[in-house]
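# Summary of the model geometry
Given next are the chains, with one letter for each unit.
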Amino acid sequence: MRSDTQYDHNVVTSDCKLLAERIDLDKFKNHKILIVGANGLIGGFLADFFVFLNNTYNCNIDLVLTSYSKKENASRIKHLTVDKNINYFSWDCSMPLNIEQKEYLSNVDDVYFCAGYGQPGKFLINTIKTTLINIVGVESILSYLTKNKNNNINFLFLSSSEVYANPPLSCIPTPETYEGVTSRDNNRACYIQSKKTGELLCQLYNQYDNVNAKSARVALTYGPGALRSDQRVMQNFIFKASNGEINMLDEGKSIRNYLYISDCVEMLINILYHGKHEVYNVGGDSEEISILDLANKISSILNAKVKKPKMKSSSEKTLSAPNKVALDISRYREEFKHHGEKIIFLNKGLNNTIKWFKIN
């Protein structure tokens, strides 16, 4: 894989190599795979991974990538879009597919729907588009494929742990059976409610005999592949620490449990092709950490200082962010017994992420 001036793609290649040794490659050999939202963290890693399988294991995967960005602006996968064997088209999936875009879906076997604004800073501004992406985009693809394909269709919708909103302590870690309660007045409602509707669409389309649609409620995935424009907490801390100091916006008491990108993708692939349920939690459950401790860990790696605020900030309350995010992934663990044997823990994952950004 080619590198560029901003990112070190060798880190991703190493992760792809390790992941390939842990999954069933026969499930997607000779398949045509569509990745929606291919310019994002998870979609971009999936794209790199399938290209790696073609180059290394001759899997003969026909890969189609799409994102909102024009081809020349799809910076996460720019090294892939120059490949003549990979088809790419720009699609604003808050709008239905047009005739030209539908041609790319001809004979598609597997769809990974990774589109949407994962960053609160984006989905809080683009509320209507955020809502439509998870509804119009999902329905547009499933509707077309069910009408134009006789063979089986595998469809994975990337939902979010946000559907649980802010569960009570009695429901943390949160199982898939917890419904979550969200007011329409919640400023994150556009994201939460549209993810729930996307899940519902998958459930309804599963009534077709040739559709295998799953939903993965993903939480706090991180690692190589994040763009420099990504301002979520972890990336923000890394950039601040590279300049010598992390200025905390609050006391950092919120609790998180992160999941490394290659471990996330392993779970997604297993769920789509082998999962027995329609909905799964996809998150970390091995290293619970506070935001303050995360800042301290990153500052220790980059020899930076952590500066706490003099006064409590209301930023988290304003964004209605959960105080604690911890998913119960026992449903997944019961089906996939080996999960956790070779996961990437936080120290290594952070170092790999820092390498990706070419930060010394």
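Definitions and limits used
Residues numbered from 1 in each chain as written. Predicted model: local features only at pLDDT ≥ 70, side-chain atom pairs only at ≥ 80, totals over all residues. Heavy atoms only, no water. Phe/Tyr/Trp six-rings, centres within 6.5 Å; stacked < 30°, edge-to-face > 60°. Helix = DSSP H or I, 4+ residues; strand = E, 2+ residues; numbered from the N terminus. Buried < 20%, exposed > 50% of the residue type's maximum accessible area, 1.4 Å probe, protein only. Arc of directions from axis to C-beta. Contact = heavy atoms within 4.5 Å. Pairing = 2+ DSSP bridges. Right-handed = clockwise from strand over helix to strand, strands pointing away.

### Here's the deal with the packing of aromatic side chains
In the structure shown here, the tally under the stated rule is 16 aromatic pairs. Taking 6.2 Å as the distance between ring centres and 45° as the angle between the ring planes, the aromatic pair formed by Tyr164 and Tyr178 counts as tilted. On the criterion of sequence distance, the pair formed by Tyr164 in the loop between strand E5 (153–160) and helix H7 (189–205) and Tyr178 in the loop between E5 and H7 is long-range, its members being 14 residues apart. In this structure, Tyr164 and Tyr178 share a single accessibility class: buried. Among the aromatic side chains, those forming a connected cluster through ring pairs are Phe28, Phe49, Phe50, Tyr112 and Tyr273.

### Quick word on helix H1 (residues 10–20)
Residues three or four positions apart in an α-helix share a direction because the helix packs 3.6 residues into each turn. For H1, the complete set of buried residues consists of Val11, Val12, Asp15, Cys16, Leu19 and Ala20. Looking straight down H1, one finds that the buried residues subtend no more than 165° of arc, so they occupy a single side. Contacts from the buried residues of H1 go to helix H2 (41–57), strand E10 (259–260), helix H9 (261–274) and helix H13 (346–356).

### Considerations on the environment of Tyr68
By the element assignment, Tyr68 lies in the loop between strand E2 (62–67) and helix H3 (78–81). As for Tyr68 and Asn39, which are separated by 29 residues in sequence, their C-alpha atoms are 8.2 Å apart. Residues contacting Tyr68, with those up to four places away along its chain left out, are Ser90, Trp91, Asp92 and Lys129.

### Description of the pairing of strand E6 (residues 211–218)
Most of E6 sits out of view: seven of its eight residues are buried. The pairing of E5 with E6 spans eight bridges and is classified as parallel. Each bridged residue has a counterpart across the sheet, and for Ser160 the counterpart in E6 is Val218. The handedness of the E5 to E6 crossover, carried by H7, is right-handed. Relative to strand E11 (residues 279–282), E6 runs parallel, the two being bridged by four bridges. Pairing of Ala216 across the sheet is with Tyr280, part of E11.

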